[in-house]
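The primary structure of each chain is shown beneath.
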Amino acid sequence: MTDANDPLAEPTNRVVSDEPRHTGHSVVITGASQGIGHAIAARFMAEGWQVITCARRDVPAHCRRDPLWTHHFVADLSQSDSLDSFAARVVEALGDQPLHALINNAGVSPKTPYNERLGILNGSIDGWHEVFELNFFAPLRLARALGVKLSRGKGTIINITSIAGHYVHPFAGSAYSTSKAGLSGLTREMAAEFAQLGVRVNAVAPGEIATEMISEEYEALIPRIPLDRMGTVADVAGVVYRLCDADFSYVTGNEVFVDGGQRLL
């Protein structure tokens with residue numbers, strides 16, 4: 001049985017076309033087993049892109065019925081060996097083909113056993129290292145590992161940051177917020193250096209997005225959102241896709257906020 005809220009769920013009356021949809025473009029998306037990453041994969045496939053993904057767990061079989069979802073690798077990008085293995089498998093999967101986009105979406109925001117915010121005083125230093133390995137160093141290392149393929153495709157890197165990287169968030173922990181702030185800075189530095197390879201680098205900063213990770217207390221934040229609703233995963237996926245589109249070929253080093261205006265208040 002498929003989830004009605006799953007962007008990749010197939011309606012029973014869907015008519016499958018025999019005509020090829022592949023545009024010749026390929027994208028790598030991390031953290032694609034659920035939530036925002038899952039929706040990003042769905043959007044790129046809807047636009048005819050070949051999709052290669054990874055996550056710490058596998059995805060349901062029905063999600064990969066589309067032939068454009070060519071590879072999914074189970075990998076823990078916070079572990080150097082697992083990340084290196086994933087990058088090598090991506091290069092192998094692409095063969096002689098270039099890469100046109102890398103979406104660094106995988107991230108972690110740990111809480112206390114009581115689901116409280118992990119701050120500076122109540123979180124272990126080892127926990128900070130684990131958060132930074134996935135949220136900050138994994139995007140850096142993947143961009144370096146796939147730089148040649150991206151250069152051949154005159155591609156784009158999108159780093160998924162967060163509004164929590166720009167102000168003290170009531171629920172996001174200090175390690176998470178600081179790692180996302182660092183990723184915002186890294187995006188600017190990457191944009192300057194990767195421009196020499198013909199590769200654009202931008203960031204997308206979601207606000208309060210309704211996913212399975214959101215708990216009830218987040219409802220209290222809606223009055224602080226001018227558009228008076230939480231965002232959807234499709235809201236984020238649409239912006240990510242558009243930043244990879246040719247219409248944005250002169251845009252690099254920017255961070256786009258998908259927050260319904262929340263940062264304005």
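The structure under discussion appears in the preceding block.
Now for a quick tour of the structure. Nothing here was measured: the structure is a model prediction, and the numbers come from that model.

A short note on the overall build of the protein chain
Link 1 in the chain: Counting secondary structure elements, the protein chain contains six helices and seven strands.
Link 2 in the chain: Shown N-terminal to C-terminal, the secondary structure of the protein chain runs as helices and strands in the order β-α-β-β-α-β-α-α-β-α-β-α-β.
Link 3 in the chain: For the protein chain, the C-alpha radius of gyration of 18 Å lies close to 18 Å, the compact-globule estimate for 265 residues.
Link 4 in the chain: Here the C-alpha coordinates of the protein chain stretch approximately 55 × 45 × 35 Å along the principal axes.
Link 5 in the chain: Residues counted as buried form 48% of the 265 residues belonging to the protein chain.
Link 6 in the chain: Residue pairs in contact within the protein chain that sit at least 24 positions apart in sequence constitute 72% of those at least 6 positions apart.
Link 7 in the chain: Element-wise, carbon and sulfur atoms account for 53% of the exposed surface of the protein chain, whose accessible area totals about 13,300 Å².
Link 8 in the chain: Across the protein chain, the 22 positively charged side chains and the 30 negatively charged ones have centroids separated by 4 Å.

A word on the packing of aromatic side chains
Link 1 in the chain: Taken as a whole and assessed by the stated rule, the structure comprises seven aromatic pairs.
Link 2 in the chain: Where Phe-44 meets Trp-49, the ring centres are 4.9 Å apart and the plane angle is 75°; that geometry is what we call edge-to-face. You'll find Phe-44 and Trp-49 in the same group, each marked buried.
Link 3 in the chain: Their ring planes at 90° and their centres at 5.1 Å tell us that Phe-136 and Phe-137 sit as a pair that is edge-to-face.
Link 4 in the chain: Among the residues examined, Phe-136 registers a relative accessible area of 17% and is labelled buried.
Link 5 in the chain: You can call Phe-137 partly exposed: its relative accessible area is 34%.

What to know about the pairing of strand S5 (residues 156-160)
It is a general feature of regular strands that their side chains alternate between the two faces of the sheet.
Link 1 in the chain: Most of S5 sits out of view: five of its five residues are buried.
Link 2 in the chain: Neither face of S5 is left uncovered, since the one carrying Thr-156, Ile-158 and Ile-160 and the one carrying Ile-157 and Asn-159 both have all their residues buried.
Link 3 in the chain: Across four bridges, strand S4 (residues 101-104) lies against S5 in parallel orientation. Bridge pairing in S5 links Ile-103 to Ile-158.
Link 4 in the chain: As for the winding sense of the linkage, the β-α-β connection from S5 through helix H5 (residues 174-194) to strand S6 (residues 200-206) is right-handed.

Points about the packing of helix H1 (residues 35-46) against helix H6 (residues 233-244)
Axes are the key here: two packed helices are described by the angle between their axes and the distance separating the axes.
Link 1 in the chain: Between H1 and H6, whose axes approach to 8 Å, the crossing angle comes to 50°. Relative to H6, the element H1 lies oblique. In the crossing of H1 with H6, the sense of the turn from one axis to the other is right-handed. Here Gly-35, Ile-36, Ala-39, Ile-40, Arg-43 and Phe-44 of H1 come into contact with H6, specifically with Val-233, Ala-234, Val-236, Ala-237, Gly-238, Val-240, Tyr-241, Arg-242 and Cys-244.

Describing the packing of helix H3 (residues 125-145) against H5
Link 1 in the chain: Two elements in contact, H3 and H5, have axes separated by 9 Å at closest approach and are oriented at 15°. As far as their axial angle goes, H5 and H3 are roughly parallel. The element H3 and its partner H5 pack so that their crossing is right-handed. Note on element contacts: H5 touches H3 through Ser-174, Ala-175, Tyr-176, Thr-178, Ser-179, Lys-180, Gly-182, Leu-183, Leu-186, Met-190 and Phe-194, opposite Trp-128, Val-131, Phe-132, Asn-135, Phe-136, Pro-139, Leu-140, Ala-143 and Arg-144.
Link 2 in the chain: Split by residue class, the contact of H3 with H5 holds 13 nonpolar, five polar and two charged.

Points about H1
Link 1 in the chain: End to end, H1 covers 17 Å across twelve residues, agreeing with the expected 16 Å (1.5 Å per residue, within 8%).
Link 2 in the chain: When H1 is considered as a whole, its buried residues turn out to be Gly-35, Ile-36, Gly-37, His-38, Ala-39, Ile-40, Ala-41, Ala-42, Phe-44 and Met-45.
Link 3 in the chain: Of the surrounding elements, those touching the buried residues of H1 are strand S1 (26-30), strand S2 (50-55), strand S3 (69-74), S4, S6 and H6.
Link 4 in the chain: Gly-48 sits one or two positions beyond H1 and adopts a positive phi of about 90°.

Comments concerning the sheet that holds S3
Link 1 in the chain: Taken in spatial order, the seven strands of this open sheet run S3-S2-S1-S4-S5-S6-S7, and their pairing is parallel. Since the sheet does not close on itself, it has two edges, and those belong to S3 and strand S7 (255-258), each with one partner. Strand-to-strand, the axes of this sheet are offset by a mean angle of 15°, without reference to chain direction.
Link 2 in the chain: Pairing between S1 and S4: three bridges, direction parallel. Looking at S4, one finds that Val-28 is bridged to Leu-102.
Link 3 in the chain: Those strands touched by H1 are S1, S2, S3, S4 and S6, and its axis lies near 170° from that of S1.
Link 4 in the chain: Sheet strands in contact with H5 are S5, S6 and S7, and its direction is about 170° off that of S5.

Cut-offs applied
- Residues numbered from 1 in each chain as written.
- Predicted model: local features only at pLDDT ≥ 70, side-chain atom pairs only at ≥ 80, totals over all residues.
- Heavy atoms only, no water.
- Helix = DSSP H or I, 4+ residues; strand = E, 2+ residues; numbered from the N terminus.
- Rg over C-alpha atoms; globule rule 2.2 N^0.38 Å.
- Buried < 20%, exposed > 50% of the residue type's maximum accessible area, 1.4 Å probe, protein only.
- Contact = heavy atoms within 4.5 Å.
- Areas by Shrake-Rupley, 256 points an atom, 1.4 Å probe, with all protein chains shown as cover.
- Lys, Arg positive; Asp, Glu negative; His and termini not counted.
- Charge placed at Lys NZ, Arg CZ, Asp CG, Glu CD.
- Phe/Tyr/Trp six-rings, centres within 6.5 Å; stacked < 30°, edge-to-face > 60°.
- Pairing = 2+ DSSP bridges.
- Right-handed = clockwise from strand over helix to strand, strands pointing away.
- Axes fitted to C-alpha atoms, helices over the stretch in contact; angles between N-to-C directions.
- Parallel < 35°, antiparallel > 145°, perpendicular 65-115°, else oblique.
- Left-handed = near helix turned anticlockwise from the far one by under 90°.
- Nonpolar A, V, L, I, M, F, W, Y, C, P; charged D, E, K, R; others polar.
- Expected span 1.5 Å × (residues − 1).

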